[in-house]
Amino acid sequence: MSLAQELEPQAQAGTRFRVDEVMHFINGAYTAGTSGRTFDNINPVTGEKTGIIHEALKPEVDAAVTAARQALRGPWGKLSLAQRTNLLHAVADEINRRFDDFLEAEILDTGKPRSLASHIDIPRGAANFKVFADTVKNAPTEAFEFDTPDGNGALNYAVRKPKGVIAVISPWNLPLLLMTWKVGPALACGNTVVVKPSEETPRTTALLGEVMNAVGVPPGVFNVVNGFGPNSAGAYLTEHPGVDGITFTGETRTGEIITQAAAIGLRHVSMECGGKNPGIVFADCDIEKAIEGTMRSVFANCGQVCLGTERVYVERPIFDDFVARLKAGAEGLKLGRPDAPGTNLGPAISAEHQQKILSYYELAKEEGATVITGGGIPEMPDDLKGGAWVEPTILTGLSEDARVVKEEVFGPVCHIQPFDTEDEAIAMANDTRYGLAAAIWTENLTRAHRVAPRLDVGIVWINSWFLRDLRTAFGGAKHSGIGREGGVHGFEFYTELSNICIKL
Ligand code: NAD
Ligand code: 6OD
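Below is a short write-up of the structure.

About the thresholds
Residues numbered from 1 in each chain as written. Chains lettered and ligands numbered in written order. Predicted model: local features only at pLDDT ≥ 70, side-chain atom pairs only at ≥ 80, totals over all residues. Heavy atoms only, no water. Buried < 20%, exposed > 50% of the residue type's maximum accessible area, 1.4 Å probe, protein only. Pairing = 2+ DSSP bridges. Helix = DSSP H or I, 4+ residues; strand = E, 2+ residues; numbered from the N terminus. Axes fitted to C-alpha atoms, helices over the stretch in contact; angles between N-to-C directions. Near = heavy atom within 4 Å. Polar contact = N/O pair within 3.5 Å; in protein donor to acceptor, adjacent residues only side chain to side chain. Areas by Shrake-Rupley, 256 points an atom, 1.4 Å probe, with all protein chains shown as cover. Nonpolar A, V, L, I, M, F, W, Y, C, P; charged D, E, K, R; others polar. Salt bridge = Lys/Arg side-chain N within 4 Å of Asp/Glu carboxyl O. Phe/Tyr/Trp six-rings, centres within 6.5 Å; stacked < 30°, edge-to-face > 60°. Expected span 1.5 Å × (residues − 1). Arc of directions from axis to C-beta. Contact = heavy atoms within 4.5 Å. Parallel < 35°, antiparallel > 145°, perpendicular 65-115°, else oblique. Left-handed = near helix turned anticlockwise from the far one by under 90°. Core = buried A, V, L, I, M, F, W, Y, C linked by side-chain atoms within 4.5 Å. Domains from an automatic or database assignment.

This part takes up unusual backbone geometry. If you check the backbone angles, Cys-302 has positive phi at about 60 degrees while not being a glycine. The buried category is assigned to Cys-302, whose relative accessible area is 2%. Although it is not a glycine, Phe-410 sits at a positive phi angle of roughly 65 degrees. Overall, Phe-410 belongs to the buried group, its relative accessible area being 13%.

Encoded structure:
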């Protein structure tokens, strides 16, 4: 009996998404798999168990990769471009129709404020399918004519073909948004996918299986396996020889491990990894705008955004004013349940991540930081005391080589450093192993254009933050990643470019 057949009885048993028992989605059906292993799904708001998640091991991963390979050869591979991209528009429409189901699932997994999830996570989760379907439909390919000695010439033209079976490994901070950011272009380019969502936040990825079935995406095109990284679904998937390319979002260290796995078979990788992003605030900024933007870039999503600002450099004449205003902003944040009126700061994703953030708060004190505000666990009502809460925190006074200034915390915290000259600010901003994003705050556009290209990062925002046009290149320099996704840039990874040369 084949592995796919072995999994069949379970697949029959659970063909609907269940919020309390998250299953794999393989070949168009939900399945508990055969591993017999489950782990708990914990609500970071309260620390309470909200369900179980089935863990995939080799057999489940094999079945998912096999289904994805068969779907490539089957109906999916035979669809016209218009049929394929119409289906992806239907996927987006169906996510929007089931907006509330996605919202509830995302909030239950992450604990993030409803206002945030309903404005960013779910709408972008849907938009990622439409934008990339349209990009693929409208993208030209290159052609070259050249002369030949017989005078007849030759013509070269390029065709883009799907790369094959793509493994998508996604993190927990923006679960639906970051998973569809990869599944959208992968499917638009004609690939099939096996997704391994974060073990912390599997629900919206699982729910997407129902959407795929509802709109008629053929079985095997979109598959999901749940579990952890090492010795679990993540490692088995990225090491699987049936996978043609791996697109990953997560920590740099994990990206290194996956890149090593991808070296066997010379498989292509796309890596979107960590950051320690600078914000540079010049004295000629609009201070209200700079504070509003920096508040978002430091504290949004409890600081768990890869593009977030963890190092703020402020020109000395406005340093004290800036610190005082940011402190007032941080102390005005409202921590609470996702649905409580006015909540704009949720918990960290897990007790483990809460401890990591708190350990950096302690390290900052040991390294000699002045704690302007925060630095510990907030006082929460009794029903929330078991949650993964951390105080929004502002630090000053550290040297540029302190670990807290060098290492990614991925929490609601920043260090603010004064500077005197533009060159000094640029040098400090670039003095990091990361190179993901930066924000510049100035009303002097000449300065903005002069400084922006000198920053060694993939994305610079001027007088804004996380303002996203999905046609633009997205990715990081240095230890923040390999490659660019977004718009046509993702074609580099999601397609195989083939040149055809015709002697005329
Ligand atoms: P993580 O690296 O711990 O996990 C990411 C995913 O990789 C998870 O699904 C995890 O199970 C899986 N994984 C872990 N070890 C693996 C292994 N050995 N083999 C295969 N899969 C494995 O990251 P995280 O904690 O989920 O996310 C936070 C990190 O992600 C931060 O560093 C943040 O900066 C980064 N991030 C980057 C971007 C970006 O676009 N550059 C976006 C969001 C988050
Ligand atoms: O907006 C996006 O497309 C994107 N990839 C955002 C990443 C956010 C990181 O946490």
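Bringing the sheet that holds strand E20 (residues 459–462) into the picture now. Taken in spatial order, the seven strands line up as E15-E16-E17-E14-E13-E19-E20 in an open sheet, and their pairing is mixed. If you trace the sheet from one side to the other, it starts and ends with strand E15 (370–373) and E20, each paired once. Adjacent strand axes in the sheet meet at a mean angle of 25 degrees, parallel and antiparallel pairs treated alike. Relative to strand E19 (residues 437–441), strand E13 (residues 277–281) runs parallel, the two being bridged by three bridges. Counterpart to Gly-279 in the pairing with E19 is Ala-439.

Turning next to the site of ligand 1. Lining the immediate environment of ligand 1, one finds 32 residues, of which Lys-196, Glu-199, Thr-254, Cys-273 and Glu-408 sit closest. Contact between ligand 1 and Trp-172: an oxygen atom at 2.8 Å from a side-chain N or O atom of the residue. At a separation of 2.7 Å, a nitrogen atom of ligand 1 approaches a polar backbone atom of Cys-273. Relative to its unbound accessible surface of 850 Å², ligand 1 loses 92% to contact with the protein. Elements that contribute at least two residues to the shell around ligand 1 include exactly helix H9 (233–238), strand E11 (245–249) and helix H10 (252–263). Across the shell around ligand 1, the residue classes break down as 16 nonpolar, 11 polar and five charged.

The next subject is the pattern of salt bridges. Per the stated rule, a full pass over the model turns up 37 salt bridges. As a salt-bridge pair, Asp-93 and Lys-130 come within 2.7 Å of each other at their nearest N and O atoms. Within this pair, whereas Asp-93 is found in helix H4 (residues 81–97), its partner Lys-130 is found in helix H6 (residues 114–138), the two being separated by 37 residues in sequence. Under the relative-accessibility criterion, Asp-93 is labelled partly exposed at 42%. Counted as one network, the salt bridges with shared partners bring together Arg-16, Arg-98, Asp-101 and Glu-210.

Taken together, Arg-124, Asn-173, Leu-174, Leu-178, Trp-181, Val-305, Cys-306, Leu-307, Phe-466, Arg-468 and Phe-474 make up the full set of residues adjacent to ligand 2. Side-chain polar atom of Asn-173 to an oxygen atom of ligand 2: 2.8 Å apart, as the coordinates give it. Contact distances for ligand 2 include 2.8 Å between an oxygen atom and a backbone N or O atom of Cys-306. Protein coverage of the free-state accessible area of ligand 2, which is 300 Å², stands at 99%. Within the shell around ligand 2, the residues separate by chemical class into eight nonpolar, one polar and two charged.

Now for the packing of aromatic side chains. If you walk through the whole model with that rule in mind, you get nine aromatic pairs. With a centroid separation of 5.5 Å and 75 degrees between ring planes, the pair formed by Trp-181 and Phe-474 is classed as edge-to-face. Of this pair, Trp-181 sits in helix H7 (residues 175–188) while Phe-474 sits in the loop between E20 and strand E21 (477–478); the two residues are 293 residues apart in sequence, bridging distant segments of the chain. Trp-181 sits in the buried class, given a relative accessible area of 2%. Judged by centre distance (5.5 Å) and plane angle (80 degrees), the rings of Phe-282 and Phe-419 are edge-to-face. One end of the pair, Phe-282, is in the loop between E13 and helix H11 (287–299); the other, Phe-419, is in strand E17 (residues 413–419), with 137 residues separating them in the sequence.

The next point concerns H10. End to end, H10 covers 16 Å across 12 residues, agreeing with the expected 16 Å (1.5 Å per residue, within 8%). Considered for burial, the residues of H10 that qualify are Thr-252, Gly-255, Ile-258, Ala-261 and Ala-262. End-on, the buried residues of H10 take up no more than an arc of 165 degrees, which puts them together on one face. Residues of H10 that are buried sit in contact with strand E8 (165–169), H9, E11, strand E12 (268–272) and strand E18 (434–435).

The contact between H11 and helix H12 (residues 319–331) brings their axes to 10 Å, and the two run at 50 degrees. Taken together, H11 and H12 sit at an angle that is classed as oblique. In this structure, H11 meets H12 at a crossing whose hand is right-handed. The residues of H12 that touch H11, namely those facing Ile-287, Glu-288, Ala-290, Ile-291, Thr-294, Met-295 and Phe-299, are Asp-321, Phe-322, Arg-325, Leu-326, Gly-329 and Ala-330.

As for its placement among the helices and strands, Val-195 is situated in strand E9 (residues 192–196). On the accessibility criterion, Val-195 (0% relative accessible area) is buried. Placed 134 residues apart in sequence, Val-195 and Val-61 show a C-alpha to C-alpha distance of 10.0 Å. Among residues more than four places away in sequence, those in contact with Val-195 are Val-168, Ser-170, Met-179, Val-183, Thr-205, Phe-222, Asn-223, Val-224 and Val-225.

Turning our eyes to something else, we now look at the sheet that holds strand E1 (residues 21–22). Across a sheet, strands are paired by hydrogen bonds formed along the backbone, either parallel or antiparallel in direction. If you trace the three strands from one edge of the open sheet to the other, you get E1-E5-E4, paired in mixed fashion. Every interior strand has two partners, whereas the edge strands, E1 and strand E4 (38–42), have only one.

In terms of nonpolar packing, the biggest core is built from 67 residues, with Leu-208, Phe-222 and Leu-307 touching the most fellow members. Summarising the domain contributions, this core has at least three residues from each of domain 1 (3–273 + 482–503) and domain 2 (277–469). Leave out the neighbours within four places in its chain, and Leu-208 touches Val-91, Ile-95, Phe-102, Phe-129, Met-179, Thr-180 and Phe-222. Grouped together as the second largest cluster of nonpolar side chains are 55 residues, Phe-282, Ala-348, Ala-388 and Ala-425 included.

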